[in-house]
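Residues per chain, in single letters:
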Amino acid sequence: MLHKYIRRLKYYILRTLRMQNSDHRIALGFAVGFFPCWYPTFGIDLLLAPLLARMVRGNIPSAFLAASAGSVLWPILFYLNYRIGVFVHLFTTFPATFEIEDALTAPVPETDYIVETDHFGRLGDMGVNFLVGALINSVLSTLILYILLRILLSVYRKPLLLKIKESIRRGKSKT
């Protein structure tokens, strides 16, 4: 079963390498196609990715390939969004100055066990942390993926295609 998916993935990678589009368009399509995967789109990212790629004139099949990969990676992306959001929240909530005298003279509040806890407020903080993390991660990953793929395609695209052609020739000559 897994072999079937790996074989299909290899096929789509090979198709992407053989495309006549420029390295720029393929890298742009992949990077923009991965962008909606950082948000909880519940499967709509497979529809959004080609639309976004078309809007920026990127390669549509590579955008679809990126969205498919992002759908598989969604639990990891969700966790990264939340962790980055919490990390950013920590740095934005520290007081600008801290005086030890203020901490020592501050009155200790009375404990009131009758007061209800604010569950919705905590959920709101979690949602804000997630959204901030998603914004940061989506923008950074789009830039990093574009740069990385552009470099990789410009350096390794032709050598990979030559190796594939040689392996196909050797395979035909054996039969």
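Quick caveat, the model's predicted, so the values are computed rather than measured.

Considerations on the side chain of Asp-23
With respect to the secondary-structure elements, Asp-23 resides in helix 2 (residues 23–34). On the basis of relative accessible area, Asp-23 is assigned to the buried category, the value being 18%. Ignoring anything within four residues of it in the chain, the contact list for Asp-23 reads Arg-150, Leu-153, Ser-154 and Arg-157.

Section: unusual backbone geometry
Excluding glycine, residues mostly have negative phi values, and the peptide bonds linking residues are mostly trans. Backbone geometry places Phe-42, a non-glycine residue, at a positive phi of 55°. Checked against the element boundaries, Phe-42 lands in the loop between helix 2 and helix 3 (45–55). The class of Phe-42 is exposed, set by a relative accessible area of 78%. Non-glycine residue Arg-57 carries a positive phi angle of around 60°.

What about the UniProt feature "transmembrane region" (unreviewed entry) in the protein chain?
According to UniProt, the feature "transmembrane region" (unreviewed entry) maps to residues 26–48, 60–80 and 130–153 in the numbering used here. The span residues 60–80 carries 95% helix and 0% strand; its end-to-end C-alpha distance comes to 26 Å. For the annotated span residues 130–153, helix accounts for 100% and strand for 0% of the residues, and the straight-line distance between the end C-alpha atoms is 33 Å.

Some thoughts on the side chain of Arg-157
With respect to the helices and strands, the residue Arg-157 is situated in helix 7 (residues 119–174). Accessibility expressed as a relative area gives 10% for Arg-157, which makes it buried. Those residues within four positions of Arg-157 in sequence are excluded, and the remaining contacts are Thr-16, Leu-17, Arg-18, Met-19, Gln-20, Asn-21, Ser-22, Asp-23, Ile-26 and Leu-152.

Rules and cut-offs
Residues numbered from 1 in each chain as written. Predicted model: local features only at pLDDT ≥ 70, side-chain atom pairs only at ≥ 80, totals over all residues. Heavy atoms only, no water. Helix = DSSP H or I, 4+ residues; strand = E, 2+ residues; numbered from the N terminus. Buried < 20%, exposed > 50% of the residue type's maximum accessible area, 1.4 Å probe, protein only. Contact = heavy atoms within 4.5 Å. UniProt positions renumbered as here; feature names shortened; annotations may be inferred.

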